[in-house]
Amino acid sequence: MVYILLAVVVICVVVFAVLATSRRTPTSNDSVADFQRHLNALSPEARRHTVENYPVVTSPTEETEEPDDGA
Amino acid sequence: MARDLAIDLGTANTLVYMKGRGIVLNEPSVIALNRQTGEVLATGHEAWHMIGRTPGYIVAVRPLRGGAITDFDVTERMIRLLLQRVGVSRFTRPKVVICVPSAITEVERRAVTDAARRAGAADAQLIEQPMAAAIGAQLPIDEPVGNMVIDIGGGTSETAVISLGGIVALEAVRVGSFDIDNAIQNYVRREHGIAIGERTAEEIKVAIGSAAQTPDEVEAEVSGRDLMMGLPKTVVLTPEEIRYAIDDVVSQIVQSVVRCLAKAPAELAQDFLTRGMYLVGGGGLLRGLAERIETETQVPVRMSQMPLESVVLGAGHCIENYDALKRMFMGQRR
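Residues numbered from 1 in each chain as written. Chains lettered and ligands numbered in written order. Predicted model: local features only at pLDDT ≥ 70, side-chain atom pairs only at ≥ 80, totals over all residues. Heavy atoms only, no water.

1. A closer look at the overall build of chain A
Quick reminder of the rule: Helical segments are the DSSP runs of H or I of at least four residues, strand segments are the runs of E of at least two, and each set is numbered from the N terminus. Throughout this description, buried means an accessible area under 20% of the type-specific maximum (1.4 Å probe, protein chains only), exposed means over 50%, and partly exposed covers the range between. Note on areas: Shrake-Rupley with a 1.4 Å probe; residue coverage comes only from the protein chains shown.
Each helix and strand counted, chain A has three helices and zero strands in total. N-terminal to C-terminal, the α/β element order of chain A is α-α-α. Within chain A, buried positions represent 21% of all 71 residues. Per element, the accessible surface of chain A, about 5,300 Å² overall, is 67% carbon and sulfur.

2. Things to note about the interface of chain A and chain B
Spelled out, the test is: By the convention used here, residues are in contact when the closest approach between their heavy atoms is within 4.5 Å. Note on definitions: salt bridges are taken to be side-chain nitrogens of Lys or Arg within 4 Å of carboxyl oxygens of Asp or Glu. Definition of a polar contact: a pair of N or O atoms within 3.5 Å, with one able to donate and the other able to accept a hydrogen when the atoms are protein atoms, and with sequence-neighbouring residues admitted only if both atoms are side-chain atoms.
Counting residues at the interface gives 27 residues for chain A and 55 residues for chain B. For the pair chain A and chain B, the number of links is one salt bridge. Asp34(A) is the partner of Arg327(B) in a salt bridge, and the nearest nitrogen-oxygen pair spans 2.9 Å. Our count for the contact surface shared by chain A and chain B stands at five residue pairs in polar contact (both at pLDDT 80 or more).

3. As for helix α7 (residues 239–263) of chain B
Quick note on the threshold: By this rule the span expected of a helix is its residue count minus one, scaled by 1.5 Å. A residue's bend is given by the angle between axes fitted to the 7 residues ending at it and the 7 residues starting at it.
The end-to-end C-alpha distance of α7(B) is 34 Å, a good match for the 36 Å that 25 residues give at a rise of 1.5 Å each. Remark: the principal bend of α7(B), roughly 55 degrees, maps to Asp247(B).

4. Side note on helix α9 (residues 289–297) of chain B
Residues and elements named next belong to chain B. Heads up, the rule is: What the arc covers is the set of directions going from the helix axis to the C-beta atoms.
By the burial criterion, the buried members of α9 are Leu289, Ala290, Arg292, Ile293 and Thr297. Down the axis of α9, the sector holding all buried residues measures 165 degrees, keeping them to one side. Residues of α9 that are buried make contact with β11 (147–152), α7, β17 (277–280) and β18 (301–303).

Given below as structure tokens:
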């Protein structure tokens, strides 16, 4: 009986902890970290990966003739 | 598993960036349709070659004008075909980031996102073209300094000042390369009495068009239909004539850059003088344009290394870092 009660208490605590974590309001630390993550993702090092690591694929017809207007 | 996509849905060209693979498609935003049945006959380069040369039952159209959708159904079909060509099926629905002009209206925004969703995207987010261009042009926009980018596309010209990952000042006009082509068409019709097509006007612009005098200028022969006689006729055009013909359009673009400079905070003005402005977009390739802007603003102008791809590469970077860069999307800023 004691073990069952203990198990119920443990489950309640876990459920309460999960709910509390998922529903907590964002703090100023979250917004600072979020903004920093945003700026880090825009850093030249982060962008170099996108711009330089992937080759530009051109279609075969494009090499022969192409309109010059802007995209 | 669908690979997420970034699309630069331009008035002139459409580019598609696939997450983890880079630019997988780059072709004109043109679609050829059977006028009677509504069937799609060709898209991209193939359809572009048909412009002005089709029999009565075929129509080759650009479904976007001034960066906005002018024909919703045709645009949706074009996006659907683009997605199919890069491997999207009804079972693989990717997230899509689409670059749009910053000046588009709420209705136009909804038209673009609805078209993408109906064409097979699981989620469609929009990003302003100058912001995407600044990311793709590798400008240090994560720093608290003024970065100025001028994006001249087929239907719009946008100038933005960006600092700390956000737009500080913005100026957009619905004028671009196609307006330059139209100005050439109108001039040749008015002054030489011959009618020329859209593609011929574009070829003249590329061959001898300029916004300011440049060294090694040459004349060009152009053939069209004599408006009086209805017969083919050839005339010779000079670079001075073309400069005169396109001056109104070029002036509108330059004036929008001047207005954006005037809107920018004084603290950033010194950054422009030392760092210069960056020119991106196909319209920026017009000879003498950088010099003309530089002369009229007294601010150095630099050409981006990849002027035609900067916008889609910037949007592609947002797709690669979707969660971290969510706040870049229109309507997501907090």
